[in-house]
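Each chain is listed here by its residues.
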Amino acid sequence: MTKAEVITKISDKTGIQKDDVTQTVEAFFKVVKDSMAEGENIYIRGFGSFINKKRAKKIARNISQNTAIVIDEHYVPAFKPSKVFIEKIKNSKKIKELAPQD
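This write-up is about the structure you can find in this document. Position numbers for residues count from 1 along each chain, tracking the sequence in the order it is written. For this predicted model, a pLDDT threshold of at least 70 governs which residues receive local features, and a threshold of 80 or more governs which side-chain atom pairs are given and counted, while totals over whole chains, interfaces and linings are taken from all residues. As a rule here, side-chain values cover all heavy atoms of the structure and leave hydrogens and water aside.

Notes on the pattern of salt bridges
Heads up, the condition is: Salt-bridge detection follows one rule: a side-chain nitrogen of Lys or Arg within 4 Å of a carboxyl oxygen of Asp or Glu. Helix and strand assignments come from DSSP, with helices taken as H or I runs of at least 4 residues and strands as E runs of at least 2, each series counted from the N terminus.
Applying the stated criterion to the full structure yields four salt bridges. Two residues, Asp34 and Lys30, come together in a salt bridge whose shortest N-O distance is 2.7 Å. Here Asp34 and its partner Lys30 are both found in helix H2 (residues 18–37), four residues apart, which amounts to about one turn of the helix. When the shortest N-O distance is used, the salt bridge between Glu73 and Lys54 registers 3.4 Å. Pair noted here: Glu73 is in the loop between strand S4 (67–71) and strand S5 (74–81) and Lys54 is in strand S2 (residues 48–55), with a separation of 19 residues, a long-range link.

This is the structure in C-alpha cells:
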C-alpha cells in the first residue's frame, strides 16, 4: 500500500478532504523525522515506538580491494510494534490465508 492509498482510505473513512488528510499525514511524518533527528524517541500507545537504535563501531572488509574500513558508531531509525499491533497481525485471517501451507 502506498502513501496515496493510505491517504485515500483515511479520507474515505473519516469524510475529511484528501488535501487536509495529506497535510496531516505529511506533518506527522515531518514531526517523526525531525524529533528522531533530535534524538527523541516517539511512543504511540497501541501502535508502536519509533526509536533510534545505536550501532556500535565496527570494522568491515571491502573484499574487492582487500581493505578494512572502520564504520563509526552511529544511530539508525527503527520501529518496534506494540503488543496490541503484533496480536492484531498474528490473528489476521488474511495473513493466515497468504501463509504457505506445510
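From this point, things continue past the structure.
Here we look at the side chain of Ser49
Selection criterion: In what follows, residue pairs with any heavy atoms lying within 4.5 Å of each other are defined as contacts.
Considering the arrangement of structural elements, one finds Ser49 in strand S2. Beyond its immediate chain neighbours, meaning those up to four positions away, Ser49 contacts Ile42, Tyr43, Ala78, Phe79 and Lys80.

Overview of unusual backbone geometry
Here Asn66, not a glycine, exhibits a phi torsion of approximately 55 degrees, which is positive. Tracing the sequence through the fold places Asn66 in the loop between strand S3 (58–62) and S4.

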